[in-house]
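Structure assessment
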Amino acid sequence: MIQFGVIARNFSSSSAVQSAIKNVTVIGGGLMGSGIAQVSAQAGQNVILVDLSSDVLAKSQKSIGNNLGRVAKKIYKDNPKEGEKFVSESMARIKTATDPVSASQGADLVVEAIVENMDIKHQLFKKLDAAAPNHTIFASNTSSLSINEIAAAVKRKDKFGGLHFFNPVPVMRLLEVVKGAETSTATYETMMAWGKGVGKTCITCKDTPGFVVNRLLVPYIAEAIRLFERGDASARDIDIAMKLGAGYPMGPLELADYVGLDTNKFILDGWHKKYPQETLFNPIPLLNKLVSEGKLGVKTGEGFYKYEKK
Ligand SMILES: C[C@H](O)CC(=O)SCCNC(=O)CCNC(=O)[C@H](O)C(C)(C)COP(=O)(O)OP(=O)(O)OC[C@H]1O[C@@H](n2cnc3c(N)ncnc32)[C@H](O)[C@@H]1OP(=O)(O)O
Ligand SMILES: NC(=O)c1ccc[n+]([C@@H]2O[C@H](COP(=O)([O-])OP(=O)(O)OC[C@H]3O[C@@H](n4cnc5c(N)ncnc54)[C@H](O)[C@@H]3O)[C@@H](O)[C@H]2O)c1
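Residues numbered from 1 in each chain as written. Chains lettered and ligands numbered in written order. Predicted model: local features only at pLDDT ≥ 70, side-chain atom pairs only at ≥ 80, totals over all residues. Heavy atoms only, no water.

1. Some thoughts on the site of ligand 2
The test is simple: In this text, near means that some heavy atom of the residue lies within 4 Å of the molecule or strand in question. Contacts described as polar in this section are N or O atom pairs within 3.5 Å, which, within protein, must combine one atom able to donate a hydrogen with one able to accept it, while residues neighboring in sequence count only if both atoms come from side chains. Shrake-Rupley sampling with a 1.4 Å probe provides the accessible areas, and residues are treated as covered by the protein chains on show and by no other component. Ten residues, namely Ala, Val, Leu, Ile, Met, Phe, Trp, Tyr, Cys and Pro, are considered nonpolar, four, namely Asp, Glu, Lys and Arg, are considered charged, and the remaining ones, Gly among them, are considered polar.
By nearness alone, 22 residues border ligand 2, and Met-32, Asp-51, Glu-116, Ser-143 and Val-259 come closest of all. One nitrogen or oxygen atom from the side chain of Asn-141 is found 3.0 Å from an oxygen atom belonging to ligand 2. Within the complex, the protein chains bury 87% of what would otherwise be the 830 Å² of accessible surface of ligand 2. Split into classes, the residues belonging to the shell around ligand 2 amount to 10 nonpolar, 8 polar and 4 charged.

2. Quick notes on the environment of Lys-127
To keep it simple, the criterion reads: Numbering of helices and strands runs from the N terminus; a helix is a DSSP stretch of H or I covering at least four residues, while a strand is a stretch of E covering at least two. With a 1.4 Å probe rolled over the protein chains alone, any residue whose accessible area is under 20% of its type maximum counts as buried; one over 50% counts as exposed, and the rest are partly exposed. Contacts between residues were defined by any pair of non-hydrogen atoms, one from each residue, lying within 4.5 Å.
Along the chain, Lys-127 turns up in helix α6 (residues 118-131). Using a relative accessible area of 47% as the deciding quantity, one classes Lys-127 as partly exposed. A C-alpha to C-alpha distance of 7.0 Å links Lys-127 and Val-101, two positions 26 residues apart in sequence. Setting aside its immediate chain neighbours within four residues, Lys-127 contacts Pro-100 and Val-101.

3. Comments concerning the UniProt feature "domain: 3-hydroxyacyl-CoA dehydrogenase C-terminal" (unreviewed entry) in the chain
Here is the rule we go by: UniProt positions are given in the numbering used here, feature names are shortened, and annotations may be inferred rather than shown by experiment.
As annotated in UniProt, the feature "domain: 3-hydroxyacyl-CoA dehydrogenase C-terminal" (unreviewed entry) corresponds to residues 210-307 in the numbering used here. Annotated as residues 210-307, this span is 60% helix and 0% strand, and its ends, taken at the C-alpha atoms, are 28 Å apart.

4. Structural notes on the site of ligand 1
Lys-74, Ser-143, His-164, Asn-167 and Asn-214 are the nearest of the 20 residues found near ligand 1. In the model, an oxygen atom of ligand 1 is placed 3.3 Å from a nitrogen or oxygen of the Arg-70 side chain. Against a free-state accessible area of 1,000 Å², the protein chains account for coverage of 77% of ligand 1. Residue assignment for the shell around ligand 1 shows that the elements contributing at least two residues are α3 (54-75), α9 (213-229) and α11 (252-259). Taken together, the residues that form the shell around ligand 1 break down as 13 nonpolar, 5 polar and 2 charged.

5. A word on the pattern of salt bridges
Side-chain pairs of opposite charge can arise whenever the charged atoms involved come near each other. Selection criterion: Here a salt bridge means any side-chain nitrogen of Lys or Arg lying within 4 Å of a carboxyl oxygen belonging to Asp or Glu.
Inspection of the entire model under this criterion finds 17 salt bridges. When the shortest N-O distance is used, the salt bridge between Lys-81 and Glu-84 registers 3.5 Å. Here Glu-84 and Lys-81 lie together in helix α4 (residues 80-92), a separation of 3 residues that amounts to about one turn. Taking the relative accessible area as the measure of exposure, Lys-81 reaches 63% and is therefore exposed. The salt bridge involving Lys-289 is made with Glu-293; its shortest N-O contact spans 2.7 Å. Through salt bridges that share partners, Lys-289, Glu-293, Lys-295, Glu-302 and Lys-306 make up one connected network.

So, in structure tokens, the structure goes:
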């Protein structure tokens, strides 16, 4: 259970965003982008949320509104009127767009949260680099790709870094802030201040595959899928085992569904390509089969488990 204090503390520190960043463009309005837009707006930032699909944007705005309502219920439980004001003011700070270039022209920070694919991230950042103001910082929310390799697509390598949020963004208190080889100290410090300002506890690490959390988490989830694939235990028992035996809030297979089986696959495929000798990163036939069948987990209504459509 997430204690009230945690959410309130996040909010109180987030309401004093003192960094040089006021206007944030979030590109990718899916699971992560919508959460990043939410925490930025509730911290007083002006946000433009961009996606290729206006259907996705409409769905994301709805889920942001619902999630802001959950946050408001906790922070303003004794003052529902204030809670309604908090939600409406936060929502008013979020605009949506389908054109990333025009949406980045007034940005102090662009956070990319599109599909985990290097080529597509390169195409996007190359386009933005030519259009966004010189002072704009670019950051990727990538789970597993190299910040240095993504930054190869832009000239502003001194103003490029990693801002790796965790799902669900409004609840998970960690933010991994990653410096690339050419990220300037000023950019790094601005990203750290902004991360704190939107209510996160920031840690930092080198530009190493999976940074800290995913380097430990993704192989763990992969091993759980292999355990299930071999028939050593049921999905339910594997998840119960890790919740009751290791104190995790979610078991590995329900977490894989929550993160997205496509994202898990993208990460493993990328690491397998880079480190073919590392067996922990080997492709998993069952994971590949589920993804090929469009069973991506919570976001499509079925993965290892079935979910009722929201
Ligand atoms: C792969 C990537 O690169 C990296 C990653 O992101 S790896 C994934 C990291 N994330 C995790 O490991 C998540 C682990 N799971 C959890 O922490 C918890 O199961 C969970 C927070 C998702 C849900 O918590 P749980 O107690 O089971 O359910 P639930 O009651 O729905 O939510 C708990 C609280 O969080 C709040 N909450 C949940 N989701 C929320 C959201 N999206 N927005 C706002 N609030 C939310 C709920 O309001 C609830 O608060 P309340 O009880 O005070 O009302
Ligand atoms: N899912 C997680 O738990 C999680 C956690 C941390 C980081 N990440 C990373 O965040 C990124 C997004 O993951 P997600 O789970 O939100 O994916 P998602 O599939 O939910 O959302 C991605 C969104 O990007 C949009 N998109 C794709 N190409 C685009 C483009 N060129 N321009 C604009 N929009 C585009 C898609 O329409 C989609 O709505 C990935 O790099 C992923 O590795 C994911």
